[in-house]
Every structure is written in C-alpha cells, then in structure tokens.
Amino acid sequence: MHLKRRTLLTGALAGLVPGTVGRASAASRRVFPEEFRWGAATAAYQVEGNNTNSDTWALEHADPTTFTDMSGDAANSFELWPRDLDLVITLGLDTYRFSLEWARIEPARGQFSVAMLDHYKRIIEGCHARGITPVVTFNHFTTPIWFAAKGGWSSPEAVDLFARFCETAARHLTDGMAFATTLNEPNLVGMLEVALPGGRGRKLMGPDKKMSEAVARRLGVDLFLAGNPIYVPDRHVVQANLIAGHKAGRAAIKSVRGDLPVGVSLAINDDQAIAGGEPLRDSMRRELYDPWLEAARDDDFLGVQNYYRAVWGPDGKVPIPDDAIVNSSGSEIYAASLAGAVRYAYSRCPRPVFVTEHGVATDDDAQRAAFIPAALRALHDVMQEGIPLKGYLHWSLLDNYEWFHGYGPRYGLCDVDRTSFARTPKPSAHVLGALARANAV
C-alpha cells in the first residue's frame, strides 16, 4: 500500500472517534474499572502446529481440498508457548485466552493423554507465574478425527462425548483457570445459508461437501463432519446438539469446580437496518443469535466476538459505502460495531459481557493501530450505559492460520516469521499495550 493511501487511512480512521490516534488529553480520557482485563487471544489449532489428529488436518490433506494452505508448524506455539506468554507481559497486557486441542487430549475415543493434559496445565501455570489471567476455551472449533468420523455434532452421541471431555479436562486443569468458555462461535456452525441468503451460501457448500466426502471415503464412514464446517446435512440437528453440548459441558465443568466462571463465546455482527430492512435484520438475529443468547442466560458471563457490522435493507445486505475504510479482503472497517454487538447481546442476555475476540484482518497495521482505540472508546460508552464488562481480548496475539484462508489474513498484534518463528510486535501491539497500562482510552 502506498504511503499516501496509508496516511489517508490512518487519518480517516482517527476521525471515527476523536482522539484515537496519539495521546488523548487527560480531560478526554475514559477510564475503565480497576478489575477490567486487557489481553489477546489465540486458538490451539491456529498457532500450535502439527495437530495431526484433528479434523481440520484431515480436510487440509484431502483431495479435493478447499484449504489455501496447510497449517503445518503454524506458529509453533506448542513448543513456544512460553515466548507467547512473555509477549503478553512485554506488551503490557494482563490476560491471555487460549484453547485446549481436544484431539491432543483425546486422540482416540476414550483414550485420554495425561501428557497432553499436563502440557496445558503448564501453560496455565506459566500464566500465573507471569501474573497473567488465563481464559481457557475447551473447544475452539476443531474436534478429533474419530469424533468427526462419527458424524461430529450431528451424532446422537455428540453431547455426551463432549461433556465427558469437558469433565476429564476440568479435573486436570480448572484449579488454575480464571474464566472458561465451552465453545467458540457455535452459533455460526452450519448457519452459512442463513448468514448469506440468496443462494450465496449454497455456492460455497458444494466444494466443502466434496472435500468432506473425500475424507469420509478414505476413512470408510458415511459422514465426516468437522467442527468448523461450511456444509452440514442438517443445521437444525447440529445447532440443537451444540446448544445441548454447551449446557452439558458447562455442567460438567461446574461439577468439578463450581466457582469457576463459565460462559460461551458467540459471533455477533452489529446488525443495523435502513428503512424497510428491519424485518430482515430481526429475522437474522432470531436465527443466528437469539437461541444462543437464551441458552447463555444461565452462564456466568457472555463472550461476545465481533468483527463486522451488517446493514440490512428490504432486499438484503446493503453494499458498503463507497467511501468506507476497508480491510485486506475488502470488508468495511467500522470501529463502532463492537459496541453495537455488545448492546444487542446484553439486551437479549443480561449477563456480564467479556469481549473474547475483536480485531481486523489487514496488511496495513496503521489501520489496526487506529481501529483499536476507536472501538474501545465506543465500548466505554456501552459501559457508561450500565452494561457490565469483564474485559477486552484482541484477536489475535499472533498472525496465524486462518482456516481455509490459510496464512493470508493477518489479524495479529505480532508478526510471525514462519521459518524462524520469531515474533515481532507491530505498532498496533504497543497502542493496545499503552491503553492497557493506562486502563483508559
């Protein structure tokens, strides 16, 4: 990107919320509560590398495959997790969200690896040794190959199998956890046809279905359904099982440690409507969010994850404005979308909110550096309205493996050299760190 364009983008983003670039004056600073947590997030499959027993590994190596890249070593965080924790502290953050890789812990049905449980226990202990608050996701999309080969979340056994995994992991690990989430963005699984109406979702399903069928043939099973699929044979069954799985997983974790705060992380757009678009917007909300927001009413907190806004008209999504700031994929960068998503989520599920993911895919870090404080100023407004906020976790600590998009999208606060695995903080990382140290924006 040319320097002139980069400068214009930075200035335009700064204009979204006054004072977002550079040091805010003392009078304009917005202070967060003393217990507010500042951090970054990762997911096991996307950073660990060589998760060979996971469903996604099988899909990457299928013929045909829809994956742009194979994950391979990823960021080698399975070995380099101490370096990642050191980064969290160096940047001035105090919280780290990471996930357990189910396929490492239970590589075969009923066979649990104490060595792998101990591995994740060391990460939790490493957090405490550095004064970092550990937020642990029990399942961030990926499932063991054997689970997917049984039909994944469409299987009648799925709920009990997940609950057993949660209880086993909880008995080994929950002593050191500060917060736990059962599932990551389960409200989107199998819902692409709803999220992309008008036949666009169905066009993406065909190649994904062929890829899954190729793995099923290789394994000699009727259905191979991964944890993060585009195509699912019956989305209603999958969603019902995921909701039941969340509740069973939560109960299993609580049976081990009743005082551990447990929630679920949901993907929520900032859905807006122009005249005539309200019925479609509300229909989308009812399908994509409301069943989960109802299910989460018994949780200790609600994890909200936001990346986009969606503006709905009477005929569907409205195209983004011609003068919009866009990310590397051409999607709109709209800093206030996080606040809008939190407002809606809390209106339907009045539980304390933890922003468990929020970020932007961009090759121009100046966009991210301006986007973070702009979004946080709008988030502070939400808190002033009376919505209780636990903290803010940026996605992601590292540039990582973004599923079938491969290594193209860059969400990280830190660049990763994929040969040496050197981590290099970007300017945006220091922007977030400065806000965290000040506990204000």
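Criteria and cut-off values
- Residues numbered from 1 in each chain as written.
- Predicted model: local features only at pLDDT ≥ 70, side-chain atom pairs only at ≥ 80, totals over all residues.
- Heavy atoms only, no water.
- pLDDT = per-residue confidence, 0-100.
- Contact = heavy atoms within 4.5 Å.
- Core = buried A, V, L, I, M, F, W, Y, C linked by side-chain atoms within 4.5 Å.
- Buried < 20%, exposed > 50% of the residue type's maximum accessible area, 1.4 Å probe, protein only.
- Helix = DSSP H or I, 4+ residues; strand = E, 2+ residues; numbered from the N terminus.
- Salt bridge = Lys/Arg side-chain N within 4 Å of Asp/Glu carboxyl O.
- Pairing = 2+ DSSP bridges.
- Expected span 1.5 Å × (residues − 1).
- Polar contact = N/O pair within 3.5 Å; in protein donor to acceptor, adjacent residues only side chain to side chain.
- Phe/Tyr/Trp six-rings, centres within 6.5 Å; stacked < 30°, edge-to-face > 60°.
- Lys NZ or Arg CZ within 6 Å of the ring centre and 35° of its normal.

Looking at the confidence of the model for the protein chain
Alright, step 1. Looking at the protein chain as a whole, its pLDDT mean stands at 93, while 93% of the residues score no less than 70.
Alright, step 2. Scored below 50 in pLDDT, residues 1–23 shows 32 contacts in the model against residues more than four places distant or in partner chains.

Section: the nonpolar core
Alright, step 1. Membership of the largest hydrophobic core comes to 96 residues, with the highest contact counts inside it found for Leu100, Phe138, Val342 and Leu376.
Alright, step 2. Looking at this core element by element, the count peaks at 8 residues for helix 8 (residues 158–173).
Alright, step 3. Each residue touching Leu376, except ones within four places of it in the same chain, is listed here: Phe32, Trp38, Tyr392, Leu432, Leu435 and Val441.
Alright, step 4. Within the second largest apolar cluster, 18 residues are counted, among which are Trp57, Ala149, Met211 and Val215.

Regarding the pattern of salt bridges
Alright, step 1. Here the structure, examined in full by the defined rule, presents 24 salt bridges.
Alright, step 2. Here Glu48 makes a salt bridge to Arg104, at a shortest N to O gap of 2.7 Å. In this pair, Glu48 is assigned in the loop between helix 2 (44–47) and helix 3 (55–60) and Arg104 in helix 5 (residues 102–105), connecting sequence segments 56 residues apart. Across the pair, Arg104 and Glu48 agree in class, each one buried.
Alright, step 3. Here Lys209 ties to Glu213 by a salt bridge, and the two come within 2.6 Å at their closest N and O atoms. Note that Lys209 and Glu213 are positioned in helix 10 (residues 200–219) at a spacing of 4 residues, about one turn of the helix.
Alright, step 4. Residue class for Lys209 comes out partly exposed when judged on its relative accessible area of 30%.

Remarks on the sheet that holds strand 9 (residues 316–317)
Strand-to-strand pairing in sheets goes through backbone hydrogen bonds, with the strands running parallel or antiparallel.
Alright, step 1. Strand order across the open sheet formed by 3 strands is 6-8-9, with mixed pairing between neighbours. Looking at strand neighbours, the two that pair on one side only are strand 6 (270–273) and strand 9, the edges of this open sheet.
Alright, step 2. Relative to strand 8 (residues 309–313), strand 6 runs parallel, the two sharing 4 bridges. Following the sheet pairing, Gln272 is matched in strand 8 by Val311.

A few points about helix 11 (residues 235–256)
Alright, step 1. When the terminal C-alpha atoms of helix 11 are compared, their 31 Å separation across 22 residues agrees well with the 32 Å that a helix rising 1.5 Å per residue should span.
Alright, step 2. Every buried residue belonging to helix 11 is among Val238, Gln239, Asn241, Leu242, Ile243, Gly245, His246, Gly249, Arg250, Ala252 and Ile253, and all of these are buried.
Alright, step 3. The secondary structure elements touched by the buried residues of helix 11 are strand 3 (133–139), helix 8, strand 4 (179–184), strand 5 (262–267) and helix 13 (290–295).
Alright, step 4. Where helix 11 begins, the capping side chain belongs to Asp234, and its oxygen is found 3.0 Å from the backbone nitrogen of His236.

Points about the pairing of strand 3
Working note: regular strand, side chains alternate between the two faces of the sheet.
Alright, step 1. In terms of burial, strand 3 is a largely internal element, 7 of the 7 residues being buried.
Alright, step 2. In this sheet, strand 3 lies alongside strand 2 (residues 95–99) in parallel orientation, the contact comprising 5 bridges. Looking at the pairing, Arg97 lines up with Val135 of strand 3.
Alright, step 3. In the sheet, strand 3 pairs with strand 4 via 4 bridges, with the strands oriented parallel. Residue pairing in the sheet places Thr137 in a bridge with Thr181 of strand 4.

Considering the packing of aromatic side chains
Alright, step 1. For the structure shown, the criterion picks out 22 aromatic pairs.
Alright, step 2. Judged by centre distance (6.2 Å) and plane angle (50°), the ring pair of Tyr45 and Tyr401 falls under tilted. Of the two residues, Tyr45 is situated in helix 2 and Tyr401 in the loop between strand 11 (389–395) and strand 12 (414–416); the sequence distance between them amounts to 356 residues. Across the pair, Tyr401 and Tyr45 agree in class, each one buried.
Alright, step 3. Ring pairs connect the aromatic residues Trp102, Trp146, Phe147, Trp153, Phe162 and Phe165, which therefore count as one cluster.
Alright, step 4. Cation over ring: Arg104 sits above Phe78, and NZ or CZ is 4.1 Å from the ring centre.

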